[in-house]
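Listed here are the chains, written in short residue letters.
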Amino acid sequence: MPATDPPDRAVVDLLGLVALGELLAFERMAVDARLAPDLRRRAALGEMAAAEIGNYRRLADRLAALGVLPDDAMAPYVEPLQAYHDSTEPRDWAEAVTKAYVGDAITDDFIREIAEALAEPDRQLVLDVLHDSSYADFAVAEIRAAVEADPRVAGRLSMWARRLVGEALSQAGRVATAEQGALTALVARSGRVDVPGLFRRLTAAHTTRMAAAGLNN
């Protein structure tokens, strides 16, 4: 029987990173749902959490098919991702949906850029598990409703969003230049070699997102 080639380390690392992100998003949304002001919103966030754990399972199954334990693939990223969530715990519903909108979106942008270097089927799998527009639409509607109910909230949420993006970019930088270097190699493969350029694009997309939610950058 011919030997099976070992899986591409960079692919395994990216799948592990995304899988851990989905798992932590599930945990966070399940907790944040308790901050919802009514059952409708609580159910909406609960449904989103269910989608996150479904995405995690798809990624874990793919890693297993590559002969890799999901725990091993996720392990290098536990510290930076957990640090981000621990340092950005929302105090109320408005902060929770702003975190979902700002933090998750900038993470998705970061992953989308790197995923361009993947071959199929991994490229499509990663793109499939990123949040769709309905997720952002829900968060934007909630942010706008909070600001309409109390215009003073806009300043607080704008400051909160700036903190979120600062923390997210800091942790993304740690991930992109991790010791194992595999994700940096993927950035290079994608033809977007300069990490500073990547972060400029992430920041520009964030500015557009803030305007869409009626917040100040």
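Everything below is about the structure shown above.
Below, the structure is looked at part by part. These figures come from a predicted structure and were not determined experimentally. (Residues numbered from 1 in each chain as written. Predicted model: local features only at pLDDT ≥ 70, side-chain atom pairs only at ≥ 80, totals over all residues. Heavy atoms only, no water.)

A closer look at the overall build of the protein chain
And then number 1: The secondary structure content of the protein chain amounts to ten helices and zero strands.
And then number 2: Going from N to C terminus, the protein chain has its helices and strands arranged as α-α-α-α-α-α-α-α-α-α.
And then number 3: Looking at the protein chain as a whole, 49% of its 217 residues are labelled buried.
And then number 4: If you take every contact in the protein chain between residues at least 6 apart in sequence, the share linking residues at least 24 apart comes to 81%.
And then number 5: Approximately 10,500 Å² of the protein chain is accessible, and the part contributed by carbon and sulfur atoms is 56%. (Helix = DSSP H or I, 4+ residues; strand = E, 2+ residues; numbered from the N terminus. Buried < 20%, exposed > 50% of the residue type's maximum accessible area, 1.4 Å probe, protein only. Contact = heavy atoms within 4.5 Å. Areas by Shrake-Rupley, 256 points an atom, 1.4 Å probe, with all protein chains shown as cover.)

Concerning the side chain of histidine 85
And then number 1: Relative to the assigned elements, histidine 85 resides in helix α4 (residues 78–87).
And then number 2: In this view, histidine 85 contacts Leu24, Arg28 and Lys99; residues no more than four positions away in its chain are not counted.

Some thoughts on the packing of aromatic side chains
And then number 1: Going through the model one piece at a time under the given rule, you end up with one aromatic pair.
And then number 2: Arranged with centres 6.4 Å apart and planes meeting at 80 degrees, the rings of tryptophan 93 and phenylalanine 138 form a pair that is edge-to-face. In this pair, tryptophan 93 sits in helix α5 (residues 93–115) while phenylalanine 138 sits in helix α7 (residues 133–149), placing the two residues 45 residues apart along the sequence.
And then number 3: Exposure remark for tryptophan 93: the relative accessible area of 10% places this residue in the buried category.
And then number 4: A relative accessible area of 15% means that phenylalanine 138 is categorised as buried. (Phe/Tyr/Trp six-rings, centres within 6.5 Å; stacked < 30°, edge-to-face > 60°.)

Notes on α7
And then number 1: Relative to the 24 Å expected for 17 residues at 1.5 Å per residue, α7 spans 24 Å between its end C-alpha atoms, a close match to the ideal helical length.
And then number 2: Residues Tyr135, Phe138, Ala139, Val140, Glu142, Ile143 and Val147 constitute the buried set of α7. (Expected span 1.5 Å × (residues − 1).)

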